[in-house]
Amino acid sequence: MINESDGDDWLIMEEKLHEQPFFVLHRGRRRSELKEEDEFEAFEMIWSKIERSIKDVLKEMNGDLFDKVNGWIRNQHSHNQLRTAFVFTKNMENVDDIDTFANLASHLNSQGCHVATLFSSDISANNGVAACLKRLFNQFLMLDFDAAHISILASWYTEQGAYNKPVVVIIDNLERCYAPVLSHFIIMLSECAVKIPLILIVGVATTLDAPHRILSSTVLHSLLPAEFYLTFPAARMDAILEAVLVKPCAFFSIGHKVASFLRNYFVDHDGTLTSFVRVLKIAVIQHITMEPLGVVLRAMVDVEQTKDIGANNIDLLETRLKEALKSCPNGNDMTNSTANEWVNRLSELHRLQKSWSSVAMCLYEAGKFSGVSLLDLYSELLDPKTYNSEPNETIMPFKSSPVERSSHQDSIIWKSIRKIRDLQSTELRQLLEKWEQYSKGFTEMHNEVIELKSVVVNEGNKRPRREAQELSIHAVRATINAEKERTKVNEKAAMLLTRMLRKCVRPIECIPGNETVCFQKVDKLQSVKYFEFLLRRPCKGVLSALLGDPRRRIQLDLLEFHTFLKCNCCCKNGRMLSLSVYDTSVMYTLAQEHGDLINLHECFQSFKAAISQPPTKPKKRLKQLSPKGKTDTNGPAKADALIQARFCRAVIELQLVGLLRMPSKRRPDFVQRIAFGL
Amino acid sequence: MSKDESPKTTRRMTRLSLSATSTPNLKNGESSKGCDLEALSVHDLVSDDIPFSLEELINVLPARRGQIVELIRLIGPLDCPMNPLFVYGGPSTGKTSTILNVFRYLNRPFVYSSLVSCYNPRILFENVLNQVLLHRKNKGNRYSSAKRCDKPSDFVNLLRDALPGILETLKGNSAKSCSKKSGVRPYGKMVYIIIDNLELARAWDNSSNILPFLFKLNDLLKMPEVGIILISRASPDIYYSDTGYVEPVPVFFPDYTEDDLRLIFMKDKENPKLYSSFLDVVLKPYSRITRRIDELSTAFLPLFTKYCEPLGHSDVVLSEDMKRKLFSHLQPHIAPALNKTFTMPSQLQEASANKESGQRKGSAKKFGVNETSYEMDFHMSTSAKYLLISAFLASRNPATLDASLFDSTGGLNNQKRKRKSSEKAKENKEMAEQEVLMKGPGSFPLERLLAIFQCITSVTDYLPDDEEEKDGGHIGNGLMTDVLLQLSSLCNANFISKGTSCPLEGSTRYRSMIPEELALKVARSLKFPLSRYIYRG
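Residues numbered from 1 in each chain as written. Chains lettered and ligands numbered in written order. Predicted model: local features only at pLDDT ≥ 70, side-chain atom pairs only at ≥ 80, totals over all residues.

Under the annotation held in an unreviewed UniProt entry, chain B carries the name Replication origin binding protein and is attributed to Lithospermum erythrorhizon. Per UniProt, chain B carries the Subcellular location (unreviewed entry) text "Nucleus". (UniProt positions renumbered as here; feature names shortened; annotations may be inferred.)

Naming follows an unreviewed UniProt entry, where chain A appears as Replication origin binding protein of Lithospermum erythrorhizon. Comment text from UniProt for chain A, heading Subcellular location (unreviewed entry), reads "Nucleus". Its UniProt record gives chain A a comment under Sequence similarities (unreviewed entry), which states: "Belongs to the ORC3 family."

*Asks:* Any chance you could explain the overall build of chain A here in plain terms?
*Replies:* Counting its secondary structure elements, chain A contains 29 helices and 10 strands. Expressed as a percentage of its 678 residues, the buried residues of chain A come to 41%. The long-range share in chain A, meaning contacts at least 24 apart out of those at least 6 apart in sequence, stands at 76%. (Helix = DSSP H or I, 4+ residues; strand = E, 2+ residues; numbered from the N terminus. Buried ≥ 20, exposed ≤ 12 C-beta atoms within 10 Å, placed from the backbone. Contact = placed C-beta atoms within 7 Å.)

*Asks:* What's the story with the overall build of chain B in this structure? I'm lost.
*Replies:* What chain B contains, in helices and strands, is 21 helices and eight strands. Buried residues in chain B amount to 32% of all 537 residues. Long-range contacts, defined as pairs at least 24 residues apart, comprise 75% of the intrachain contacts of chain B with a sequence gap of at least 6.

*Asks:* Hey, could you run me through the domain arrangement of chain B in this one?
*Replies:* Where the parts come together, the accessible area they lose is often given as the size of the interface. Residue and element names in this part refer to chain B. Domain assignment breaks chain B into domain 1 (38-253), domain 2 (258-346) and domain 3 (378-532). At the junction of the two partners, domain 1 supplies four residues and domain 2 supplies seven residues. Residue classes in the side of domain 1 that touches domain 2 are distributed as three nonpolar, one polar and no charged. (Domains from an automatic or database assignment. Nonpolar A, V, L, I, M, F, W, Y, C, P; charged D, E, K, R; others polar.)

*Asks:* Would you mind going over the sheet that holds strand β5 (residues 249-253) of chain B with me for this structure?
*Replies:* Strand-to-strand pairing in sheets goes through backbone hydrogen bonds, with the strands running parallel or antiparallel. All names here are of chain B. The strand order across the open sheet built from five strands is β2-β3-β4-β1-β5, with neighbouring strands paired in parallel fashion. Only two strands of the sheet have a single neighbouring strand rather than two, namely β2 (110-114) and β5. Strand-to-strand twist of the sheet, defined as the mean angle between neighbouring strand axes without regard to direction, takes the value 15°. Judged from the five bridges that link them, strand β3 (residues 191-196) and strand β4 (residues 226-232) form a sheet pairing that is parallel. Residue pairing across strands places Val191 opposite Val226, the latter belonging to β4. Sheet strands in contact with helix α5 (residues 95-106) are β1 (85-89), β2, β3, β4 and β5, and its direction is about 155° off that of β4. Packed onto the sheet, helix α6 (residues 121-132) meets β2 and β3 and runs at close to 155° relative to β2. (Pairing = 2+ DSSP bridges. Axes fitted to C-alpha atoms, helices over the stretch in contact; angles between N-to-C directions.)

*Asks:* I would appreciate a short explanation of the sheet that holds strand β2 (residues 114-118) of chain A in the present structure.
*Replies:* Residues and elements named next belong to chain A. Strand order in this open sheet of five strands is β2-β3-β4-β1-β5, and the pairing throughout is parallel. A strand with exactly one partner marks an edge of an open sheet, and here the two such strands are β2 and β5 (223-229). Put simply, the sheet's adjacent strands are angled 20° from each other on average, direction ignored. By the bridge criterion, six bridges tie strand β1 (residues 82-88) to strand β4 (residues 198-204) in an arrangement that is parallel. Looking at β4, one finds that Phe86 is bridged to Val202. Docked against the sheet, helix α6 (residues 179-192) engages β1, β3 (167-171) and β4, running at close to 150° with respect to β4.

*Asks:* Explain the nonpolar core to me, please; I cannot follow it from the model alone.
*Replies:* Taken as a class, soluble globular proteins show a tendency for nonpolar side chains to be buried jointly. Leu189 of chain A together with Val87, Ile194, Leu388 and Ile389 of chain B are the most contacted members of the largest nonpolar core, which has 150 residues in total. It is helix α14 (residues 382-396) of chain B that provides the largest number of residues to this core, a total of nine residues. With near-sequence residues (within four places) excluded, Ile194 of chain B lies in contact with Ile99, Phe110, Val111, Tyr112, Ile229 and Ile231 of chain B. (Core = buried A, V, L, I, M, F, W, Y, C linked by C-beta atoms within 7 Å.)

*Asks:* Just to check I follow, could you spell out the pairing of β2 of chain B for this structure?
*Replies:* In summary, the side chains of a regular strand alternate between the two faces of the sheet. Residue and element names in this part refer to chain B. Counting buried residues in β2 gives five out of five residues, a clear majority hidden from the surface. Residues Phe110, Tyr112 and Ser114 line one face of β2 and the alternating positions Val111 and Ser113 line the opposite face, and both faces are buried. Alignment of β2 against β3, held across five bridges, turns out to be parallel. What sits directly across from Tyr112, in β3, is Ile194.

*Asks:* When you look at the environment of Met290 of chain A in this model, what are you seeing that I'm missing?
*Replies:* Residue and element names in this part refer to chain A. In this fold, Met290 is placed in helix α11 (residues 273-290). With 13 C-beta atoms counted inside 10 Å, the residue Met290 sits in the partly exposed group. Remark: the alpha-carbon pair of Met290 and Glu39, spanning 251 residues in sequence, is separated by 9.9 Å.

*Asks:* Explanation requested: the packing of helix α4 (residues 128-140) of chain A against α6 of chain A in the structure shown.
*Replies:* The axes of two packed helices give the description: the angle between them and the distance between them. Residue and element names in this part refer to chain A. One way to put it is that α4 packs onto α6 with a least axis distance of 9 Å and a crossing angle of 50°. Considering the angle they form, α4 stands oblique to α6. With respect to the hand of their crossing, α4 and α6 are arranged in right-handed fashion. Two secondary-structure elements touch here, α4 through Gly128, Val129 and Cys132 and α6 through Val181, His184 and Phe185. Taken together, the residues of the contact of α4 with α6 break down into four nonpolar, two polar and no charged. (Parallel < 35°, antiparallel > 145°, perpendicular 65-115°, else oblique. Left-handed = near helix turned anticlockwise from the far one by under 90°.)

*Asks:* Mind showing me how you'd approach unusual backbone geometry here?
*Replies:* When glycine is set aside, most residues are seen to have a negative phi, and most peptide bonds are trans. Even without glycine at this site, Lys90 of chain A takes up a positive phi of about 65°. Relative to the helices and strands, Lys90 of chain A resides in the loop between β1 and α3 (95-110). Not every positive phi belongs to a glycine, and Asp79 of chain B is a case in point at roughly 65°. Along the polypeptide, Asp79 of chain B turns up in the loop between α4 (65-75) and β1. Looking at Asp79 of chain B, the number of C-beta atoms within 10 Å reads 16, which means it is partly exposed.

*Asks:* Looking at this structure, how should I read the packing of helix α26 (residues 583-591) of chain A against helix α27 (residues 600-611) of chain A?
*Replies:* Residue and element names in this part refer to chain A. At a minimum axis separation of 10 Å, α26 and α27 run at an interaxial angle of 130°. It follows that α26 is oblique to α27 by the angle criterion. Judged by the twist between their axes, the crossing of α26 over α27 is right-handed. Facing α26, whose interface residues are Val586, Met587 and Leu590, α27 presents Cys603, Ser606, Phe607, Ala610 and Ile611. Residue composition of the contact of α26 with α27, by class: seven nonpolar, one polar and no charged.

*Asks:* Looking at this structure, I do not really get α11 of chain A. What am I missing?
*Replies:* Here α11 of chain A contains 18 residues, and its C-alpha end-to-end distance of 25 Å stays within 8% of the 26 Å for a straight helix at 1.5 Å per residue. Taken together, the buried positions of α11 of chain A are occupied by Leu273, Phe276, Val279, Leu280, Ile282, Ala283, Val284, Ile285, His287 and Ile288 of chain A. (Expected span 1.5 Å × (residues − 1).)

*Asks:* What exactly am I supposed to notice about helix α8 (residues 207-221) of chain B here?
*Replies:* Side chains three or four residues apart in an α-helix point the same way, a direct result of the helix having 3.6 residues per turn. Residues and elements named next belong to chain B. Given a rise of 1.5 Å per residue, 15 residues ought to cover 21 Å, and the 20 Å separating the end C-alpha atoms of α8 matches this to within 8%. Of all the bends in α8, the greatest, near 55°, is centred on Phe215. Taken together, the buried positions of α8 are occupied by Ile210, Leu211, Phe213, Leu214, Phe215, Leu217 and Asn218. Taken from the residues just after α8, Lys222 is the one with a positive phi, measuring 55°. (Bend = angle between axes of the 7 residues up to and from the residue.)

This is the structure we're talking about:
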């Protein structure tokens, strides 16, 4: 009995610990608990859909490379050199590559290789080559060695019995490794490669000559290199953008400001998909929580998952939407007619979105010939300014007056359209084939594309006969004629696209009712507050803060908790510490009283005093639940343990946000304050 | 030219590779279960090759006759105690392979440990003990060593305990072979311990203890049945810090001469005449750069195929004319290849050049990404690019010039001064420039980097006006926002190196590590006029 209840106690404590932020939250917003649950579900659903399609896109993009690597592993053999694949990841930042290499490892594993992955952090000056081997054996042999000889690998391999199973070692980032240790490790591996089919895969983030800059000639001579290339991050980005936003995958879309924020962030600052995905996630969260009708998205996704939205199940959509609208905050006040109006608006919005995305993709296909990236095109297409500035009966861009032309000069849209006119007939045919694909389900354009295509195909058939003719004046004239004809077709194609553009491509912000599906508040992305991150489960706390809030912001948030907490005690007391204050805030407020060194023991005592000042609620519950016999001896100790755990967590969180430095070896009892003042 | 016999592939016959023979045996289905591996015996310490003569041995290592003879003399006849040996010479001069082949020839039991794979004393000691104790690591013993041994003193004791066992069997063995005369060659009654790559121990934490210990090992063991051979790239002078022991007998392996190289490369060639004429062309220029067999053979391989290209497949008689033709065919390739010798196995670079160009075309078509972005091999954010350029400038230019380069009024002053510059001043400038080049990239504090960064980003104002307006200014000053983050990624990518903090200023100093070409490439992708800012004296 006693043991059981012991376990229970711990569970409760853990739960408490885990839920503390929510406890605070619920005090503040008890009214909206229900709404929150709804929001959370909606988020989960929408985000999982988006996430899935991102994963699919990446899987498809990487699949080709993975197969190539696998084929290379199987095909070539070397007896005296270590076969090494350099995988050029083409991105200086390696956040994305961590995933890529993890996927590669699992792919190769499923193809029947022994795979071990070493992170560049394992190959550091501090740990030396012993750490590399330790990790290696840990993954292959599942054993932990303090000091191991590389020959163990060979003994282990012979014991496995399968002699054709390659042994693959993956190192994710060459540049981040400590070169001398890496060289030593590679030489060891290459000695081992005589005995067993050992293969090394090394990720290279930067230039092609990076391996030669980093590794010495002795090491390079022991390698038999091969090279593989990942697609450029910009290309991956475009693919993801296409899958997630241009073909709206969960009906979620973003406004122009958000789009250009994303674009600028990608181009100017980060260039990783990881952060792009993270911003997108924050956008989805923000949208669902901020927008009163955000939850409606869920209904739309729901319906779509049952069946593709068509004329036939528009009724289903209608009913679901109505339900969703009812559950909205002021949904009950909504009359039936306004609900109907909303439903109509939303289905119209959905229809427009579809045609928008087909035209946008057609435009992108045309733009590809002049090297336009979807990211640029997307943010330009969303710009309400381009839409509004354009007079309705616009002249074709190529006929427009010089002044107008100059204003169009930078425009990617017009650049793409202009390019259509210069295309060769084969290219044009390719383009039209693509258009045909994209315009499916958008009959208006589809028919015209097919018509145009037939013209091009006919012409293509005529062409060879002409080429067979001798070069005479007649022939020259014929080619000139053909050229004219070609430009005619090209012009037609360009005209078609322009027409469609004008007709269908209205930036989403200009469509009424867009707020439901479109996230526009770019400022919300930039100042996602520390507390909001901490309190919201989907974000998993501080670590996913995207832009890295300036420390000042975090400090402010930590100190001015009373502005966030809407409970009575905190509103009244201002900065006074009370029970509902979040531990990290308590800790940081206490830290203010210290200099740059904080004695942990003292600080713990004051922390303990601060959080147990008034008879605490958790303690009470604890006492009630624990059996009477045991309470006297164990109760306080456990309460202490709980406080200690909370203390530790608070300290660690402060370290994570970069406000504290952990105790050093020299002063094990002190933590160091890093930030002073605001 | 059979590939297996090329000198390149006379790979070190280490213990590891010698015992590699167990794998093919198993492959033949002799035993499918790894756990059934039979226990090791004394025979495993001796390489069971077919006996071969001294002449054959010298043929395998053509340029090492002197060393072979000397080694055999120093090791002495069967069962004769020997002084410890110290074998040294440059890398890739055949030390290890000569020693191991000599032991194969002599057919004596030996224990071989290389400090490459034994990267700390404990592993070295345990590895030697494992071999002496005939211990095999397997799943049964969780791949652990026979004895745990951390300290040199323990090692001596354990070795003393372990050696009699093996010496007993050896004695028994030799008695048997003597009595039976069954054609089994005698192993003798001695065990030799060979420790390779001794120079690596100098980097160990406790090298000041371990190195003298290894030199003293013979004295400490006091067992005449054990011979110790140390192999090192570094000469003995650097080790002898302590004279309390008998200095080992040094055996020097000099670098190969050009004739030696010719002998080695001519070994087992399919078409000796052709290869000889090829060596006439390449050996001289190459032997000035490197005499390492491994480097030369990788360099020669593609060159030889190039050399043979005009011949086609037919067996042409090698006339002087033909030679001249082949020479003129090869000549343009030699000079560029010379530069690559140290940097890489050349197939990699060629492959990379080909692939890259192919890749570029392919992906440009496929993904239609801006052509200009493909000028760079990899993606870098705009902010990181500017930061890299600033770092390059900060390393390249003297700090005193910053004001005149980036400040408009300073620039004017500078021009005035320029007009007045005399011959003398010019000379000084040249000297200074020379000095800058010799010194390499300079280091700079973070503040200077940030100042330059801010200047060049404001000069180019990379954002078109309208866009800035649209963004509501939030990213207008945006390039600055995560500059420290970018700096750390640049450091991680090895473009900027972070030095230790300066003792005088107390702040960390940085240094740009990129070549000018890369900096120019980055600048071009930004359309930034970098050359205008580089100080050239």
